[in-house]
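Residue-level structure breakdown
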Amino acid sequence: MSAESAGRSVTVLLLFWLVGACLRITVLAVPPVVPLLHADLHLSETGIGWLSSLPPMLFAIAAVPGALLIARFGMLPALLTGLLLSAAGSAARGAFASTASLFIATIVMGAGISIVQTVMPPLVRAWFPQRIGLATSVYTNGLLVGEVIPVGLTIPLVLPLVRQSWRLDFVVWSVPVLAVMLLVKLAMRSYGAAGMAGANQSMPQRRWWPDWRDPLIWRLGLILGSVNATYFVTNAFLPDLMIAARRPDLVSSALTAINVGQLPASFLMLPLAERLVKQPWSYASTGLLATLCVVAMLVTRGYWIVFWAGLLGFTGAVTLILALALPSILSAADDVHRTTAGMFTISYSCAMVLSVIVGWLWDATHLPLVGFAPIALCGLVIAALASTVRRVDERSAATV
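These notes cover the structure that comes with them. Source: prediction; values computed, not measured.

Concerning the overall build of the chain
Broken down by element type, the chain carries 16 helices and 0 strands. By the compact-globule yardstick of 21 Å for 400 residues, the chain fits well, its C-alpha radius of gyration being 21 Å. Going through the 400 residues of the chain one by one, you find that 56% of them count as buried. A separation threshold of at least 6 residues defines the contact pool for the chain, and within that pool the share at least 24 residues apart is 83%. Summing over all exposed atoms, the chain offers an accessible surface of approximately 16,800 Å²; the carbon and sulfur share of this is 69%. Positive and negative side-chain charges of the chain, numbering 23 and 15 respectively, have mean locations separated by a distance of 5 Å.

Printed below as a string of structure tokens:
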């Protein structure tokens, strides 16, 4: 590899990391300002629940339209469109003085993020066909860091700068997304069509609708769906678990542990993802460990729950990185975008459905053990589907 080619690859990896951070920065800007939304818009807890559920709902709904954009206009134009919608939607959340406008702008933002998420696996395949695990771990590391940045900086830094205005806070967190969009546009101009590996070329005849009859899409959707469901549902119900364990003082510690626990895993996977992504035992191990963590959280007390929550976050991050790489590895080059769209549609739908099931079981039985049982099963689903990665050689042979 020439020095020019190596420098270009490093630049693209840096852009991947920045784009990954943009996938969560605007979403996680909401939790720190929830008290301000209560006070200013008089949003109820139900309203906050709906507001928080809109982004993952759009992640599922807008994934297939994202695949259509990729097929019709190319990966990079679709990426720019997604980033622009994300930045504009985030800023617009504070532009109007009504709850309806807040929800509508959040829908626009969520649709933009969904498009970006759908673009990344085919873009990884186009740029790094021999280093898919590394490239995926880079942008996923950015995603996980992007979850922590707004949560950590909004209250101590951003809100004082904008005089406690949640409206201006949303605008502030849209600026990095807009800046990354401009950097991607600049890279397109600098490298040109050839340098961008054809990623900015449209293919009007390219298929975009997922092949829902293909078992691979459902396997990938259930693997990623189990990861997403474990993360989102555990975050939602972990405070109630701590209260049921008579340790409300540890609610913040437990939530911090499950989220911050993801970061060491994401850095560890930078050198390891390439080796692990095609190994069935990797998924079987992390799936079984996730189940162990959930069960241990239910049968232990005090700070042990915090420990197991942190390990669950670590385990989930490892599986997330591996799962996000699979469409790029298992699909033909022209099918990565539609396989990804199908996978995201299934996975985020699973997360939403499981959240409702867990809530219903908890209300019906008032037993945390029963409520968390479906979450524990998610790890077993991942382990059961670990053999999916064995299809790498089969598909490679089929395309020769």
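Focus: the layout of surface pockets
Over the atoms, a rolled probe matching the size of one water molecule traces out where space is still vacant. Approximately 1,500 Å³ is the volume attributed to the largest pocket. If you go around the largest pocket, you meet 41 residues; those closest to its centre are P31, S52, F232, N235 and A236. Counting only elements with at least two residues in the lining of the largest pocket, the list comes to helix 3 (45-61), helix 6 (99-127), helix 7 (132-161), helix 9 (215-244), helix 10 (251-260) and helix 14 (336-365). Residue composition of the lining of the largest pocket, grouped by class: 26 nonpolar, 11 polar and 4 charged.

As for the packing of helix 10 against helix 11 (residues 262-276)
One can describe the packing of helix 10 onto helix 11 by two numbers: an axis separation of 5 Å at closest approach and a directional angle of 10 degrees. In terms of orientation, helix 10 and helix 11 fall into the roughly parallel class. Across from I258, N259 and V260 in helix 10, the residues of helix 11 making contact are Q262, L263 and P264. The residue inventory of the contact of helix 10 with helix 11, partitioned by class, reads 4 nonpolar, 2 polar and no charged.

What about the side chain of N235?
Within the fold, N235 resides in helix 9. For N235, a relative accessible area of 17% corresponds to the buried category. One polar contact links the side chain of N235 to the main-chain carbonyl oxygen of Y231, over a distance of 2.9 Å. Within the structure, the side chain of N235 is placed 3.0 Å from the side chain of N259, a separation counted as a polar contact. Sequence-distant contacts of N235, defined by excluding residues within four places in its chain, comprise L255, I258 and N259.

Here we look at the side chain of Q262
The residue Q262 is located in helix 11 in this model. Look past the residues within four positions of Q262 in its chain and what remains in contact with it is L144, E147, Y231, G313, F314 and A317.

Side note on helix 3
If you check helix 3, its first and last C-alpha atoms are 24 Å apart, about what 17 residues at 1.5 Å a residue would give, namely 24 Å. Remark: the principal bend of helix 3, roughly 30 degrees, maps to L54, with a proline, P55, within the next four residues. The complete set of buried residues in helix 3 reads G47, I48, L51, L54, P55, P56, L58, F59 and A60. Against helix 2 (34-41), helix 4 (63-73), helix 6 and helix 14 lie the buried residues of helix 3.

A short note on the packing of helix 4 against helix 14
Packing of helix 4 against helix 14 leaves a shortest axis separation of 8 Å and a crossing angle of 170 degrees. Put simply, helix 4 runs roughly antiparallel to helix 14. Residues A63, V64, A67, I70 and A71 of helix 4 form the contact with helix 14, whose own contacting residues are H337, R338, A341, F344 and T345.

Let's talk about the pattern of salt bridges
If you walk through the whole model with that rule in mind, you get 7 salt bridges. With a shortest N-O distance of 3.3 Å, D335 and R207 are connected by a salt bridge. Of this pair, D335 sits in the loop between helix 13 (303-330) and helix 14 while R207 sits in the loop between helix 8 (166-195) and helix 9, placing them 128 residues apart in sequence. The salt bridge involving D211 is made with R213; its shortest N-O contact spans 3.5 Å. Residue D211 is classed as partly exposed on the basis of its relative accessible area of 29%. Classification of R213 by relative accessible area gives exposed; the value is 76%. Sharing partners across several salt bridges, the network here consists of R207, D335 and R338.

Brief notes about the nonpolar core
If you look at the biggest cluster of nonpolar residues, it comprises 77 residues, and the most contacted ones within it are F16, L79, L83, L123 and V184. The greatest single-element share of this core, amounting to 11 residues, is contributed by helix 13. Judged by nonpolar contacts, the second largest core, of 31 residues, contains V233, I258, A296 and I305.

Criteria and cut-off values
- Residues numbered from 1 in each chain as written.
- Predicted model: local features only at pLDDT ≥ 70, side-chain atom pairs only at ≥ 80, totals over all residues.
- Heavy atoms only, no water.
- Helix = DSSP H or I, 4+ residues; strand = E, 2+ residues; numbered from the N terminus.
- Rg over C-alpha atoms; globule rule 2.2 N^0.38 Å.
- Buried < 20%, exposed > 50% of the residue type's maximum accessible area, 1.4 Å probe, protein only.
- Contact = heavy atoms within 4.5 Å.
- Areas by Shrake-Rupley, 256 points an atom, 1.4 Å probe, with all protein chains shown as cover.
- Lys, Arg positive; Asp, Glu negative; His and termini not counted.
- Charge placed at Lys NZ, Arg CZ, Asp CG, Glu CD.
- 1 Å grid on protein atoms, 1.4 Å probe; cavity = no way out; pocket = protein on both sides within 12 Å on 5 of 7 lines; lining within 4 Å.
- Points joined across faces, edges and corners; volume = space filled by probe spheres on them.
- Nonpolar A, V, L, I, M, F, W, Y, C, P; charged D, E, K, R; others polar.
- Axes fitted to C-alpha atoms, helices over the stretch in contact; angles between N-to-C directions.
- Parallel < 35°, antiparallel > 145°, perpendicular 65-115°, else oblique.
- Polar contact = N/O pair within 3.5 Å; in protein donor to acceptor, adjacent residues only side chain to side chain.
- Expected span 1.5 Å × (residues − 1).
- Bend = angle between axes of the 7 residues up to and from the residue.
- Salt bridge = Lys/Arg side-chain N within 4 Å of Asp/Glu carboxyl O.
- Core = buried A, V, L, I, M, F, W, Y, C linked by side-chain atoms within 4.5 Å.

So far we have only geometry, and geometry alone does not tell us how the molecule works.
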